[in-house]
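Report on the structure
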Amino acid sequence: IRGECFPNWLNPDVSSIINLIKDNGAESVKLCGAGGGGCLLVLSRNRKIKENIKQVCQKNKIPIIMNW
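Residues numbered from 1 in each chain as written. Predicted model: local features only at pLDDT ≥ 70, side-chain atom pairs only at ≥ 80, totals over all residues. Heavy atoms only, no water.

Quick look at the overall build of the protein
Secondary structure assignment for the protein yields 3 helices and 2 strands. Starting at the N terminus and walking to the C terminus, you meet the elements of the protein as α-α-β-β-α. Accessible surface, the protein: about 5600 Å² in total, of which carbon and sulfur atoms supply 54%. (Helix = DSSP H or I, 4+ residues; strand = E, 2+ residues; numbered from the N terminus. Areas by Shrake-Rupley, 256 points an atom, 1.4 Å probe, with all protein chains shown as cover.)

What follows is the structure, given as structure tokens:
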């Protein structure tokens, strides 16, 4: 919602990562941390989509801290 109200509040790198993850099936993506730039919380109930997101992150050198 914040992005809709303030379209320039994210830097282009963070926006592209969020879009990449959403485009690969994530149900929800939440930016967390100091100043809105610490980490992303990504949710998906579907195991195949979860694995796809994991592979996309690894391919794009996006670190995965936890994987439940």
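Next comes the rest of the write-up.
Observations regarding helix α3 (residues 47–59)
With 13 residues, α3 extends 18 Å between its outermost C-alpha atoms, agreeing within 8% with the 18 Å of an ideal straight helix rising 1.5 Å per residue. Buried within α3 are the following residues: I53, V56 and C57. Buried positions in α3, seen along its axis, are confined to an arc of 100° and lie on one side of it. Exposed residues on α3 whose side chains face more than 90 degrees from its buried face are R47, K48 and K59. Looking at the buried positions of α3, the neighbouring elements they touch are α2 (12–23) and β2 (39–43). Near the N-terminus of α3, the side chain that reaches the backbone nitrogen of K48, with its oxygen 2.8 Å away, is that of N46. With its phi angle positive at about 60°, K61 sits one or two positions after the end of α3. (Expected span 1.5 Å × (residues − 1). Buried < 20%, exposed > 50% of the residue type's maximum accessible area, 1.4 Å probe, protein only. Arc of directions from axis to C-beta. Contact = heavy atoms within 4.5 Å. Polar contact = N/O pair within 3.5 Å; in protein donor to acceptor, adjacent residues only side chain to side chain.)

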